[in-house]
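As a plain string of letters, each chain reads:
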Amino acid sequence: MELSQVSGVYLEVVLTGVVSLLLQARGVVSNILTLALVFSTLASAQTGQTVAGVGVATGQNTMLQVAGDKPVKPTTTTTSLQPNNTGANNTSKTKPATNPPHTTQLPAGINRTTIADLVTSTTTTDKQQYYPGEAASIQVSFRYNDAAYQEVQYIQPDVSNYTGDVNFRVQLPTGFTISPETLTRGPFTRDCTNRSQCIQDGFQWNYNTQSRTLTGSFPTPTPHYKDGGEYQLFEELNITGTATGTPNTSHTITTTANGVLDFIYIDFKTNSRAYDVQEYFTAIPSEAVFRVVPRKTTLTASFTPVGLTEGQVVVRGDVTCTVRGQQTKRNIMFTLKYSERVNGKWDRSLHDMVDVGSNCTVTLNKGMVSAGWRWKTNTPIVVTESNITSPRTTTIRLQVEKYQSKYPPKQLPHQQ
């Protein structure tokens, strides 16, 4: 064998050994790189990040193939109950965001910041018409709007119950004066005479005498639940007072409201309150209308006969009443028979719908009397009654006299 051949064989052997060593080294490096990728991926699995193009979701089991070895299965991680996280446990000590966002993608068209018209308000009065100075009361109630309430199902899915607060504003008209009782004990069903305790419990109210507005807030009576929640109750308002103002005028009461739902998240590890998520809402406004009408009373005449001992007399005329520049007139006529007297007089109604505060004038013309009788004077009878505020009776004297004709019955002038 020639030297060149031997050298070639030797060189081939040497090169083969070097290549083998290099290949072995490449396997080690590959294994090292692969292990580094595994550890990086496991670390990323704690936060749900993507490493080197491999996506690992939070709490997900991921199989990773290590070169030259069996697959490695990372352990499952349990995450804390934070906003945008619906895990079962909350073990994080990290301070939550001030206003965590919704935890579920809401259907299109649903407002993420405010639930519109979630609550419906209803405003009523105990009567539709009041006399000036008459006691009156206003009732305001709140309930869920069935259609809008369905939106509550899509928010904060990890909490099934919640509390809430309602802020109200009742605009009172000039025809209503709020009572001291309402201002003292509050407009709620609960007696809030102990105001400090009620404020501590979430019941607040304030009345602005200049703007005539009653404002305040109250909490839900008990925690509300999503299941069948549209049938749950709220506090009701009862505002007592007096109807005032000019009669024959209408007055409107308007109620507006808004509020917030408070979802409480619990840290089950410590069994303590972790944080709250608040969802704001608006309410459908409402109004009630009442009318102040003149209070009515009566005016009666007590006719007393003077000189009459038999037969009858007839009077006719009118009653004119004036109040606040408005005038009404009623025609009257009476036939008064002597035999129908009661306790020596006749009582007759002159006007049964007199506006309270009226000034009334009764004018009577003297009519026919029985044969052999005549009025002492033919001057009309005029009687005035001022500021009639309650049933009023006026006494009217009817003076007649008996007379004898100077002609005997058989010797009347046309018979002579």
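Heads up: the structure comes first, above all this text.
Colleague: Just checking my understanding: could you explain the overall build of the chain for this structure?
Modeller: When you go through the chain residue by residue, the secondary structure sums to four helices and 22 strands. Out of the 416 residues in the chain, the part that is buried amounts to 36%. Considering only intrachain contacts with a sequence separation of at least 6, the fraction spanning at least 24 residues in the chain is 68%. Accessible surface for the chain amounts to roughly 24,100 Å². Of this, 52% is attributable to carbon and sulfur atoms.

Colleague: I would appreciate a short explanation of the environment of Asp227 in the present structure.
Modeller: Relative to the helices and strands, Asp227 is located in the loop between strand 10 (224-225) and strand 11 (237-243). On the accessibility criterion, Asp227 (73% relative accessible area) is exposed.

Colleague: Quick question: what am I supposed to make of the state of the cysteines here?
Modeller: What is meant by a disulfide is a covalent connection between two cysteines, made through their sulfur atoms. Taken as a whole, this structure holds two disulfides when the rule is applied. In this model, Cys321 is linked to Cys360 through a disulfide, with the two sulfur atoms separated by 2.0 Å. Taking the sign of the S-S torsion, 115 degrees for the link of Cys321 and Cys360, the bridge is right-handed. With a gap of 39 residues between them, Cys321 in strand 16 (residues 312-323) and Cys360 in strand 19 (residues 358-369) connect regions that are remote in the sequence. Assigning the bonded cysteines of the chain consecutive numbers by sequence position, one obtains the connectivity 1-2, 3-4.

Colleague: When you look at the pattern of salt bridges in this model, what are you seeing that I'm missing?
Modeller: A side chain of one charge can pair with a side chain of the opposite charge when the charged atoms of the two come close. Scanning all chains against the criterion turns up 10 salt bridges. The residue Glu385 makes a salt bridge to Arg392 at a minimum N-O spacing of 2.8 Å. Looking at Arg392, the relative accessible area reads 21%, which means it is partly exposed.

Colleague: Mind showing me how you'd approach the side chain of Ser137 here?
Modeller: Within the secondary structure layout, Ser137 lies in strand 5 (residues 135-144). There is a polar contact of 2.9 Å between the side chain of Ser137 and the side chain of Gln139. Setting aside chain neighbours within four positions, we find Ser137 in contact with Thr124, Thr125, Asp126, Tyr130, Asn238, Ile239 and Thr240.

Colleague: Mind showing me how you'd approach the sheet that holds strand 22 (residues 392-402) here?
Modeller: Two modes of strand pairing occur in sheets, parallel and antiparallel, and in both the strands are linked by backbone hydrogen bonds. Strand order in the open sheet formed by four strands is 18-15-22-20, with mixed pairing between adjacent strands. Each edge of the sheet is formed by a strand with only one pairing partner; in this case those strands are strand 18 (346-355) and strand 20 (373-375). Each strand of the sheet is rotated relative to its neighbour by a mean of 35 degrees, with strand direction disregarded. Alignment of strand 20 against strand 22, held across three bridges, turns out to be antiparallel. Along strand 22, the bridge assignment pairs Arg374 with Glu401.

Colleague: Would you explain the pairing of strand 8 (residues 204-208) in this entry?
Modeller: Side chains on a regular strand alternate between the two faces of the sheet. Of the two faces of strand 8, only one is covered, namely that formed by Trp205 and Tyr207; the face formed by Gln204, Asn206 and Asn208 stays uncovered. The pairing of strand 8 with strand 9 (residues 213-219) spans five bridges and is classified as antiparallel. The residue bridging Asn206 from the neighbouring strand is Thr215, located in strand 9.

Colleague: Would you mind showing me how to read the pairing of strand 13 (residues 272-284) here?
Modeller: Here four bridges tie strand 3 (residues 114-125) to strand 13, and the two strands are oriented parallel to one another. Residue pairing across strands places Thr114 opposite Tyr280, the latter belonging to strand 13. When strand 12 (residues 249-267) meets strand 13, the two strands line up antiparallel, connected through 10 bridges. Directly across from Phe263, in strand 13, lies its bridge partner Val277.

Colleague: Quick question: what am I supposed to make of unusual backbone geometry here?
Modeller: Excluding glycine, a negative phi dihedral is what most residues carry, and trans is how most peptide bonds are arranged. Positive phi outside glycine occurs at Asp117, with the angle close to 55 degrees. Structurally, Asp117 can be placed in strand 3. Positive phi values are uncommon outside glycine, yet Asn387 reaches one of about 45 degrees. Considering the arrangement of structural elements, one finds Asn387 in strand 21 (residues 381-388).

Colleague: Even after reading the chapter, I still don't get the packing of aromatic side chains, so can you show me in this structure?
Modeller: Pairs of aromatic rings are described using the distance from one ring centre to the other and the angle between the two planes. What the rule picks out here adds up to 12 aromatic pairs. On the basis of an interplanar angle of 80 degrees and a centroid distance of 6.2 Å, the ring pair of Phe168 and Phe188 is categorised as edge-to-face. Placement of the pair is Phe168 in strand 6 (residues 161-171) and Phe188 in the loop between helix 3 (180-185) and helix 4 (195-200), with a sequence separation of 20 residues. Measuring from centroid to centroid gives 5.2 Å for Phe188 and Phe203, while their planes differ by 70 degrees, and the two rings are edge-to-face. With Phe188 in the loop between helix 3 and helix 4 and Phe203 in the loop between helix 4 and strand 8, this residue pair connects regions lying 15 residues apart in the sequence. The class of Phe203 is buried, set by a relative accessible area of 9%. One aromatic cluster is present, built from ring pairs that chain together Phe142, Phe168, Phe188, Phe203, Trp205 and Phe218.

Colleague: What exactly am I supposed to notice about the sheet that holds strand 17 (residues 326-337) here?
Modeller: Within the open sheet, the four strands sit side by side as 17-16-19-21. Their pairing is antiparallel. Of all the strands in the sheet, the pair left with one neighbour each is strand 17 and strand 21. Across the sheet, the mean angle separating the axes of adjacent strands is 20 degrees when strand polarity is ignored. Pairing of strand 19 with strand 21 involves six bridges; the strand directions are antiparallel. Bridging across to strand 21, Ser358 finds its partner in Ile388.

Conventions we followed
Residues numbered from 1 in each chain as written. Predicted model: local features only at pLDDT ≥ 70, side-chain atom pairs only at ≥ 80, totals over all residues. Heavy atoms only, no water. Helix = DSSP H or I, 4+ residues; strand = E, 2+ residues; numbered from the N terminus. Buried < 20%, exposed > 50% of the residue type's maximum accessible area, 1.4 Å probe, protein only. Contact = heavy atoms within 4.5 Å. Areas by Shrake-Rupley, 256 points an atom, 1.4 Å probe, with all protein chains shown as cover. Disulfide = S-S within 2.5 Å. Salt bridge = Lys/Arg side-chain N within 4 Å of Asp/Glu carboxyl O. Polar contact = N/O pair within 3.5 Å; in protein donor to acceptor, adjacent residues only side chain to side chain. Pairing = 2+ DSSP bridges. Axes fitted to C-alpha atoms, helices over the stretch in contact; angles between N-to-C directions. Phe/Tyr/Trp six-rings, centres within 6.5 Å; stacked < 30°, edge-to-face > 60°.

Such coordinate-based values are descriptive only and should not be taken to indicate function.
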